[in-house]
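The primary structure of each chain is shown beneath.
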Amino acid sequence: MKKIYLIVLVVLLVFTVVACSQENAETTTQASPGETEGEMIELTLEELSQFNGKDGNKAYVAVDGIIYDVTDVPQWQGGSHNGNTAGQDVSDQIANLSPHGKRVLNNLTVVGTLVEE
Ligand code: HEM
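If you're wondering where the values come from, they're calculated on a predicted model, not measured in any experiment.

1. A short note on the overall build of the chain
Regarding its fold elements, the chain presents 3 helices and 6 strands. Starting at the N terminus, the α and β elements of the chain follow one another as α-β-α-β-β-β-β-α-β. By the burial criterion, 13% of the 117 residues in the chain qualify as buried. Within the chain, contacts between residues at least 6 apart in sequence are counted, and of these 62% link residues at least 24 apart.

Written as structure tokens, this is what we have:
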């Protein structure tokens with residue numbers, strides 16, 4: 001009888017260990033860099049310039065150090081909008097030249113931040 005208890009105990013222990021390690025594996029996968037959706041990136045001005053919305057590239061613009069994705073904004077199709085080109089810092093233009101100001105940023109996806117060289 002004692003032997004059966006011992007076997008049941010060992011089986012339960014094995015199950016617990018397996019369940020725990022699987023849970024850990026999932027957590028690790030979710031948290032691993034490069035795989036998380038919505039992860040923030042850091043770009044210099046030079047790196048940002050690649051995201052010009054042309055030749056299949058994404059269209060990103062920076063405003064006040066924050067990088068926004070304008071790829072799917074109809075007004076930014078082809079990477080340009082009223083004399084502005086994607087892949088650039090448009091902080092001054094949006095604040096001083098655009099009729100809408102920064103309210104148009106509210107609906108955009110933030111992809112990251114602008115950093116120094
Ligand atoms: C993240 C940056 C920007 C986004 C998402 C954006 C988005 C838009 C949208 C949605 C409109 C349609 C009308 C409205 O909602 O007011 C518009 C119009 C306009 N935007 Fe922008 N804009 C951006 C930056 C700029 C900048 C930097 C300028 C600088 C000159 C500018 C100039 C204009 C002008 C002149 C119009 C009115 C004429 C038109 O409809 O084409 N925008 N923008």
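2. A closer look at the site of the ligand
Taken together, 19 residues form the shell around the ligand, and within it N82, Q93, L97, S98 and H100 come nearest. Its residues placed into classes, the shell around the ligand shows 11 nonpolar, 8 polar and no charged.

3. Considering unusual backbone geometry
Despite not being glycine, D55 has its phi angle at roughly 50°, a positive value. Topologically, D55 is positioned in the loop between α2 (45-48) and β2 (60-63). Phi is positive for D64, which is not a glycine, with a value near 50°. For D64, the location among the structural elements is in the loop between β2 and β3 (66-69).

4. Overview of the environment of V63
Within the secondary structure, V63 sits in strand β2. Taking the number of C-beta atoms within 10 Å as the measure of exposure, V63 has 19 and is therefore partly exposed. As a C-alpha pair, V63 and T113 span 50 residues in sequence and 9.3 Å in three-dimensional space. Among residues more than four places away in sequence, those in contact with V63 are Y68, V90, S91, I94, K102 and L105.

5. Examining the pairing of β3
Strand residues, when the strand is regular, have side chains that alternate between the two faces of the sheet. Where β2 meets β3, 4 bridges bridge the pair, whose relative direction is antiparallel. If you follow A62 over to β3, its bridge partner there is I67. Where β2 folds back onto β3 in an antiparallel hairpin, the turn is made up of 2 residues, including D64, whose phi is positive at roughly 50°. Across 4 bridges, β3 lies against strand β6 (residues 109-114) in antiparallel orientation. The residue bridging I67 from the neighbouring strand is G112, located in β6.

Criteria and cut-off values
- Residues numbered from 1 in each chain as written.
- Predicted model: local features only at pLDDT ≥ 70, side-chain atom pairs only at ≥ 80, totals over all residues.
- Helix = DSSP H or I, 4+ residues; strand = E, 2+ residues; numbered from the N terminus.
- Buried ≥ 20, exposed ≤ 12 C-beta atoms within 10 Å, placed from the backbone.
- Contact = placed C-beta atoms within 7 Å.
- Near = placed C-beta within 6 Å.
- Nonpolar A, V, L, I, M, F, W, Y, C, P; charged D, E, K, R; others polar.
- Pairing = 2+ DSSP bridges.

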